[in-house]
Each structure stands twice: as C-alpha cells, then as structure tokens.
Amino acid sequence: MEKIHNEKIRNIAIIAHVDHGKTTLVDGMLKQSGTFRDNQAVDDRVMDSMDLERERGITIASKNCSVQWKGTKINIIDTPGHADFGGEVERGLKMVDGAILLVDASEGPLPQTRFVLKKALEARLKIIVLINKIDRKDARPQEVLNEVYNLFIDLDADDTQIEFPILYAIGREGIAQNTLTEKGESFAPLFDKIVEEVPPPSSDPANPFQMLVTNLGYSDYLGRLAIGRVFNGSAKKNDSLACIGRDGKPANLKVVNLQVYEGIRFKDVDQVDAGEIVILAGIENVEIGDTICTQSAPKALKRITVDEPTVSMKFMVNTSPLSGREGSLVQSRKILERLQKETLLNVALRVEPGDSADNFIVKGRGEFQMAILIETMRREGFEISVGRPQVITKEENGVKTEPIEHLFVDIGEDFTGIVTQKLAQRQGRMVNMVNHGSGRVRLEFSIPSRGLIGYRSEFLTDTKGTGLMNSYVTGYEPMRGEIKGRINGALVSDRAGESVTYALFHLEPHGVLFIEPGIPVHEGMIVGENSREQDLDVNPCKEKKLSNMRTTSKDEALTLTPVLPMTLERAIEFIRDDEQVEVTPKSIRIRKNILAGNMR
C-alpha cells in the first residue's frame, strides 16, 4: 500500500554549535509567524526555560514549539549543541524529517556541530544549511560554506545529501536571504524553504495507531505526560490504548487528555493524526523509548538507542560536621529518588547502587553534564557529596580499553607551545594543525577522556581566558599509560571553628587559599592548595595572642590576597581520589574522605 503524507505538517530540528544563535533564531521565527500578540511582552531567548540555561547562555534540554506558515504547521525541536547532552539530541532527531544546520559565518562548523550533524545524516534527514551572523565584521560566508561541504564529505554524506539548499541570515534582525547579494526583509525565505524542502511526515495506512515516546513531562492536574511523535494512524480523546515498555509487554491505558504544540504553549485537541507531535496524558509508568499503540494490534516501534556513558561519579550523603545546616534535602532516600527522576527525563544518564546504602554511582556522557545535574540539585535544596569523576573502562579480548576523544583547540599563536606541552603530558597526540594567518591557530588532538578531566580551568589560565576547546568521543582504545594528576598537596584544617584573618595571613606563604575569614571550617576540610607535594595539616582558626604590654605603634591591619571564589567545576577538577566535594545550596567545600587527621 502507498504511504500517506500529511501535507499540513513539517517537523524540523535545529542543529548548531553552542553560541551560534540557535535559540535567538527560534525567537525570531516565533515572533514573525504571529505566535505572539503585537502587544505581548516576550523575553529574549524564550526557549531557554531553565535558570541555568539563561545564566550560561546554552541549551541543555531539547524543547519543542510550533509556528504556522501559510496554512502549514511547522513543529520545531531546539536541540542542545554540547556532546555531553547527546542523549537529548538523539531523541530530538527521532521526531523530525528535516533539520536546519545553523553555522556561524565567522567561526564556521565547529566540532559539536559535527557530532549532531553525523546523527542527522545517519537518520537520513533532509538538511537545510543556514549561514548565520553574516553581518559580523569578520564574516567569511564563502569560506565557511566550503568548510560545510568538506564536513559533509568528511561524514560520508551521499550525493543526494550533499545537494543541500543554502540560506544566509542575520538571526538577531530576523532576516533570511537566498543569496549573499540580495537584502532580506524577514524570515519568509526560510519558512518557504522549510515547506518546500522538508518532506511532510508519512505514515503507513495498513498500520494502526503508533506513537514513540521521546520526552516526558509532568502536570499537577494531569499527572505524567508522554510527549512524542505519532508515526501511524490516529487517536482520539478517551480512547483505550496500550503502552509497550522495555520488556515488550503491553500495559493498558486510557487517554485522559490530548494536546499539541501551538507556539510555546499547549492546545487541547480531540484527535491527533500521523506526523503530529503530541502530549498525551493518562499513563503513569512510561519511559522514553516506549511505544503507545492500540490494544487490538499492539506493535512496538524501534526503541531509541543512546551512546554509552563514558564517565561515572559517586554521589554520597553529606557526612561532614556541617551537614544539614544549609540544605533541606539530605537523606539518601531523597537523593536516590531525585537521581531516578533525572534518569526518567534524561536517557543518557544511569544510576546504580554504590558499595553502601548511602552512596550511588551515576554514569553519564561527561563531567559537564554531571556538573549541571549537581548544580540543579543544589538549587532545589539538596546537600550531597560527590567524588572525583572516573572514566568507564571496558575489557576487549583481555585488553583494558578507555574512551578516546577528538579534541579541537582554538588559541592565539603565542600559546601553542604551552598547550601542546600540557596535552602531551596528558597522553594527547596532535593530529592536525590549521593556521589561517589571522593570529589564531586551530589544533586537533587525539586524547583519552581521563586526560581531559580537570584540564579545562588549567587551559583557560594558560591561554589567559582566550582559548576555546571542544571535544567528542570517537571510540575506545587500549589504555595509553599514566597521566599525572594534581602535583601539589592540600592545606587541611586540623580542627573545627571559624577562619581568622591572622591565621590565614600566616598560611599564605604555604600556598593558595580557598577560603576567606569568617568561614566555618571543620577537621579534614581543605582550605587551600599546598605549594609542596604533601598534604599539610594547618590551623586556620588561630588568633593572635594579646599581651598586656602597650606599644606606641598599633597593629597594622593585615590584608589578605583576594580569594578566587570556588566554583563547582573548579572543585570537581581539583580533587584527588581520597577527597570529595561537599555541595550545599549555599556553599561548595572540599574535604578529605577521612576527616580525622590521625586516621589518615
């Protein structure tokens, strides 16, 4: 039987590297398609709904919205650009038939673009290339286009895929144009191109209703929401359907409510047809990857597969003497519930029991993904301790293998020496070097994932904050030998109390301090980095002995060197295997696993 096409709908994803203007583009599309009333107050970057996304200016969770154009509904999926959030990308691409590849007219296609584009080409999606920010002073659209062609060839695109339509845009001004010379007025050429080029969703009339769950939501009124795409058939409100989970057994359910996207909000509907992206309520136990289908002829769609996790981290109950003072959620049961809830919404994350009842092993795609999870939890009122990130190794034919990453570094020419030297110490091997003669160099390395743990902050220091680095996992290789961790020891507090200026002033010659005066400390807490190799027990609470002798000169006020505030990422990168980071809603402390000095 011939397939049916739903001409009224187009489903597209937007692929881009971090900071190439993806979320701004979606803003413009929503505004120009008449989604908002003329007098409606709208935030910039509407799609970045999490606080963390707004602060860091990155997309973490993939989100959906829709626009109307000349009678056609365009569903848009905004995907993250970081390889660490790859699980988000894979399920986003499952819902669409085409993708807009957004590339910065100056920076060109960067490594994370490559990661997502590879997934899109494998899924045989129709790609439209949009070269954005052509108004930049350093824009070089023609060269960037050649780089995009090279990237497609590099990713083994076939002849049909490499014949992609090209558009040029200034996302901020809401302009798209077909050529570089014409002057665009709106996003109309982009909307027209999407309707022309992206195939409408097709379905098989022989198959009954089938919907693949690609995202989950929660509503206080309707309970658990299953979000996904209808691949075949149609469903009505109050229909009796079934859900096929991982075990392949259908569980019956009744559709309480059906919604579709209208702009950035939901709209209730009575019936949904093939090709539509829907929000369905009426099911409690549902996972991402499940199929919702008819009870009479249950048939599962192919489950979403996600790349294996490469990094694991230990999450523990906070056992320090200061625990429970700043957070409201401290019990292991609450921590486990929260982590399990996260695995429901994030396919790339796994939680396993640890070696005792109050710790858990969380596995994911990178330390950045872990840091975002910890930061989200501390904002919700959790107190936890976390250990150093560990790389997940595999055994192949009796040989121990580890994940290897392809690292791209973009730095000023002056810093080439130091960066190459540092990466060589971490078992990195240079595979490519590009110099455009603009004063900046692009280097490529093959390096083990464990060599990159803790390198980011060092890299920023070495390049005076001007360097850019990105990487993605290429596969597993035999272990590359030893990588030295932190060379310096720690300054460890030997008692509980409150830090004092006098004591800290006399500790400064011993190394770099992490704390300021007036901070509560406990035994085993790390208050600084020693300038020597071994750990040093110190007393940060020591006050000046006052004598009863009067002197003509008063004590000069002691001034301390300003302390760089400890961030979560910096703390995770700093710790060794015998240390952990204590995270509470108000503070980030570093401590030894064993607090008592005589036990260490």
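Provided above is the structure to which this section pertains.
Residues numbered from 1 in each chain as written. Predicted model: local features only at pLDDT ≥ 70, side-chain atom pairs only at ≥ 80, totals over all residues. Heavy atoms only, no water.

When its secondary structure is counted, the protein chain shows 14 helices and 37 strands. When burial is assessed residue by residue, the protein chain has 53% of its 600 residues classed as buried. Intrachain contacts of the protein chain at a sequence separation of at least 6 include 71% that bridge at least 24 residues. A total of about 28200 Å² of accessible surface is found on the protein chain, and carbon and sulfur atoms cover 48% of it. (Helix = DSSP H or I, 4+ residues; strand = E, 2+ residues; numbered from the N terminus. Buried < 20%, exposed > 50% of the residue type's maximum accessible area, 1.4 Å probe, protein only. Contact = heavy atoms within 4.5 Å. Areas by Shrake-Rupley, 256 points an atom, 1.4 Å probe, with all protein chains shown as cover.)

Among the nonpolar cores identified, the biggest contains 40 residues, and L101, L117, I127, V129, I131, V148 and F152 are the most heavily contacted of them. Formed by 30 residues, the second largest nonpolar core is a distinct cluster that contains V492, I572, F574 and V581. (Core = buried A, V, L, I, M, F, W, Y, C linked by side-chain atoms within 4.5 Å.)

Let us now look at the packing of aromatic side chains. Applying the stated criterion across every chain, the model contains five aromatic pairs. Arranged with centres 4.8 Å apart and planes meeting at 25°, the rings of Y149 and F164 form a pair that is stacked. Placement of Y149 in helix 5 (residues 141-154) and of F164 in the loop between helix 6 (159-162) and strand 7 (166-170) is noted, with a sequence separation of 15 residues between them. For Y149, a relative accessible area of 27% translates into the label partly exposed. (Phe/Tyr/Trp six-rings, centres within 6.5 Å; stacked < 30°, edge-to-face > 60°.)

With seven of nine residues buried, strand 28 (residues 440-448) lies mostly within the body of the structure. Sheet analysis places strand 26 (residues 399-412) next to strand 28, joined by nine bridges and oriented antiparallel. From the neighbouring strand, D410 faces strand 28, where its bridge partner is R442. Summarising the sheet, strand 27 (residues 429-435) and strand 28 pair through six bridges and their orientation is antiparallel. Within strand 28, the residue paired with M433 across the bridge is L443. (Pairing = 2+ DSSP bridges.)

Next up on the list: the environment of K237. Turning to its location among the elements, K237 is positioned in the loop between strand 12 (235-236) and strand 13 (240-244). Residues K237 and A281 lie 44 residues apart in sequence; the distance between their C-alpha atoms is 9.7 Å. Beyond its immediate chain neighbours, meaning those up to four positions away, K237 contacts V255, V256, N257, L258, V269 and D270.

Before going further, it helps to examine helix 10 (residues 416-425). Regarding helix 10, the residues found buried are T416, V419, K422 and L423. The buried side chains of helix 10 occupy one side of the element, clustering within an arc of 145° when seen end-on. Where the residues of helix 10 are buried, they touch strand 26, strand 27, strand 28 and helix 12 (456-462). Downstream of helix 10 by a residue or two, Q427 has a phi angle that is positive, lying close to 65°. (Arc of directions from axis to C-beta.)

A separate point is the pattern of salt bridges. Applying the stated criterion to the full structure yields 29 salt bridges. We note a salt bridge from K133 to D104, for which the minimum N-O separation is 3.7 Å. Of this pair, K133 sits in the loop between strand 6 (126-132) and helix 5 while D104 sits in strand 5 (residues 98-104), and the two are 29 residues apart along the sequence. Owing to a relative accessible area of 23%, K133 belongs among the partly exposed residues under this scheme. Residue classification places D104 among the buried positions, given a relative accessible area of 0%. (Salt bridge = Lys/Arg side-chain N within 4 Å of Asp/Glu carboxyl O.)

In sheet architecture, strand pairing relies on hydrogen bonds along the backbone and comes in two forms, parallel and antiparallel. Strand order in the open sheet formed by eight strands is 14-13-19-10-11-18-15-16, with antiparallel pairing between adjacent strands. Whereas interior strands pair on both sides, the edge strands pair on one side only; in this sheet they are strand 14 (250-254) and strand 16 (265-268). Within this sheet the neighbouring strands show an average axis-to-axis angle of 40°, counted without direction. (Axes fitted to C-alpha atoms, helices over the stretch in contact; angles between N-to-C directions.)

Another point: the pairing of strand 2 (residues 9-16). The buried fraction of strand 2 amounts to eight of the eight residues, a majority that puts the element mostly inside the structure. A two-sided burial pattern is seen for strand 2, the buried positions comprising I9, N11, A13 and I15 on one face and R10, I12, I14 and A16 on the other. Bridge count between strand 2 and strand 4 (residues 72-78): six bridges; the pairing is parallel. Its bridge partner being in strand 4, I9 is matched across the sheet by K73. As paired elements, strand 2 and strand 5 share five bridges and run parallel to each other. Bridging from a neighbouring strand, A13 pairs with A99 of strand 5.

Another point: the side chain of T72. Here T72 lies in strand 4. Setting aside chain neighbours within four positions, we find T72 in contact with E7, K8, I9, R10, V67 and V195.

Time to look at unusual backbone geometry. Its identity as a non-glycine residue notwithstanding, R124 has a phi of 60°, on the positive side. For R124, the location among the structural elements is in the loop between helix 4 (111-122) and strand 6. Phi is positive for Q427, close to 65°, though the residue is something other than glycine. Structurally, Q427 is set in the loop between helix 10 and strand 27.

Next up on the list: helix 5. Here helix 5 spans 20 Å end to end across 14 residues, near enough to the 20 Å set by a 1.5 Å rise per residue. Every buried residue of helix 5 is listed here: P141, V144, L145, E147, V148, L151 and F152. Down the axis, helix 5 shows its buried residues gathered within 160° of arc, on one side only. Relative to its buried face, helix 5 has exposed residues pointing more than 90 degrees away, namely N150 and I153. Immediately beyond the C-terminal end of helix 5, within one or two residues, lies D156, with a positive phi of roughly 60°. (Expected span 1.5 Å × (residues − 1).)

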